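Coordinate inspection notes
These are the residues of each chain, in order.
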Amino acid sequence: TLPTVSYSNLREDIKVNELRRLYTRVLETQDVADSTTKQSFFQHWQVLSDEEASHELQLLLDNSVAVAAAFVRGSVVNDDDDTDAAASSSEKAVSSAWGRWGWRQPKRLVGFVRAAGDTALAATIHDLVIHPDLQGYGLGAVLLTRVVNQIAGQGVFDVGLAAPSNLQSFFRSCSFELDREESVPMALQPGWNKLPEEINAPLQQNPALRKLLLTAMDDKQRQLSTAQ
């Protein structure tokens, strides 16, 4: 039976530690063997310290143009890291006293989606994640609707997403379609910050252009470039 689910579009309702736990729980159930992108994404979150992960997730929330989240109360999903274990003693006492009715128990984040964009013309939806125990109950469709409505309220008219091939039918059922302009999603190669020889050679002959490019790089990229 689906528990009572509440929804929010407020960033302040989303705790970064809850968001990290949701990402981790979802990634643990994904088959990443055939996807180097998923492998890199999974490994990225695994190697970060708690402080680093909290910082990155807070930036993710702060810089998103729209967010939507789903919550349930009580222990209705299985996680190794139980929310109640991290709750304060007062929260535990309240949860124990009213737990049989499901009142006042800590809210648990079980679904999330966000959008990045310019708040004017275009927005791209990212990271639709639903807790594995609650997938298939329609939470994803509700979250998509809420985040699209939030984007539309900003006057943005070009809304897109990158749909995995196995989820295209789901996104079609949520009113998304294949790009009419037949755009093809592309990803930046891992070695993008190493200047290839065919680019580096002309730059060596054009000091002004090379100087301009170096100013746009961060320290690590600049070191790699100057070492060549």
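1. Describing the overall build of the protein chain
The helix and strand inventory of the protein chain stands at ten helices and five strands. A fraction of 71% describes how many contacts in the protein chain between residues 6 or more apart in sequence connect residues 24 or more apart. Accessible surface, the protein chain as shown: approximately 14800 Å² in total, 52% of it carbon and sulfur.

2. Comments concerning the packing of aromatic side chains
Going through the model one piece at a time under the given rule, you end up with three aromatic pairs. When the ring of F171 is compared with that of F176, the centres are 6.3 Å apart and the planes differ by 85°; the resulting orientation is edge-to-face. Taking relative accessible area as the criterion, F171 reaches 7% and is therefore assigned buried. The ring of F71 has K107 lying over it, and the distance from NZ or CZ to the ring centre is 4.4 Å.

3. Let's talk about the sheet that holds strand 1 (residues 6-8)
Spatial strand order, 1-2-3-4-5: five strands in an open sheet with mixed pairing. With one partner strand each, in any of the chains shown, strand 1 and strand 5 (158-161) form the two edges of the open sheet. Within this sheet the neighbouring strands show an average axis-to-axis angle of 25°, counted without direction. Against the sheet, helix 1 (residues 16-28) engages strand 3 (107-117) and strand 4 (122-130), with an angle of about 90° to strand 3.

4. Some thoughts on the environment of A120
One can find A120 in the loop between strand 3 and strand 4. Each C-alpha atom, one on A120 and one on I151, is 9.3 Å from the other, the two residues being 31 residues apart in sequence. Other than its neighbours up to four places away in sequence, A120 contacts G155 and V156.

5. Topic: the pattern of salt bridges
The full count for this structure, using the stated rule, is four salt bridges. Residues E18 and R21 are paired through a salt bridge, measuring 2.2 Å at the closest nitrogen-oxygen approach. Of the two residues, E18 and R21 both sit in helix 1, three residues apart, roughly one turn of that helix. By relative accessible area, R21 is classed as buried at 15%.

6. Examining the environment of R25
Relative to the assigned elements, R25 resides in helix 1. By relative accessible area, which is 21% here, R25 ends up partly exposed. C-alpha separation for the pair R25 and V110, spaced 85 residues apart in sequence, amounts to 9.9 Å.

7. Things to note about the nonpolar core
Most often, soluble globular proteins have nonpolar side chains that are buried together. Ranked by internal contacts, the top residues of the largest apolar core, which has 23 residues, are V110, A115, I125, L134, L139, V147 and I151. Looking at this core, the elements with two or more residues in it are strand 2 (66-73), strand 3, strand 4 and helix 6 (139-152). At five residues, helix 6 tops the list of elements feeding residues into this core. Counting 19 residues, the second-largest nonpolar core is a separate cluster that includes I14, V26, A53 and A69.

Cut-offs applied
Residues numbered from 1 in each chain as written. Predicted model: local features only at pLDDT ≥ 70, side-chain atom pairs only at ≥ 80, totals over all residues. Heavy atoms only, no water. Helix = DSSP H or I, 4+ residues; strand = E, 2+ residues; numbered from the N terminus. Contact = heavy atoms within 4.5 Å. Areas by Shrake-Rupley, 256 points an atom, 1.4 Å probe, with all protein chains shown as cover. Phe/Tyr/Trp six-rings, centres within 6.5 Å; stacked < 30°, edge-to-face > 60°. Buried < 20%, exposed > 50% of the residue type's maximum accessible area, 1.4 Å probe, protein only. Lys NZ or Arg CZ within 6 Å of the ring centre and 35° of its normal. Pairing = 2+ DSSP bridges. Axes fitted to C-alpha atoms, helices over the stretch in contact; angles between N-to-C directions. Salt bridge = Lys/Arg side-chain N within 4 Å of Asp/Glu carboxyl O. Core = buried A, V, L, I, M, F, W, Y, C linked by side-chain atoms within 4.5 Å.

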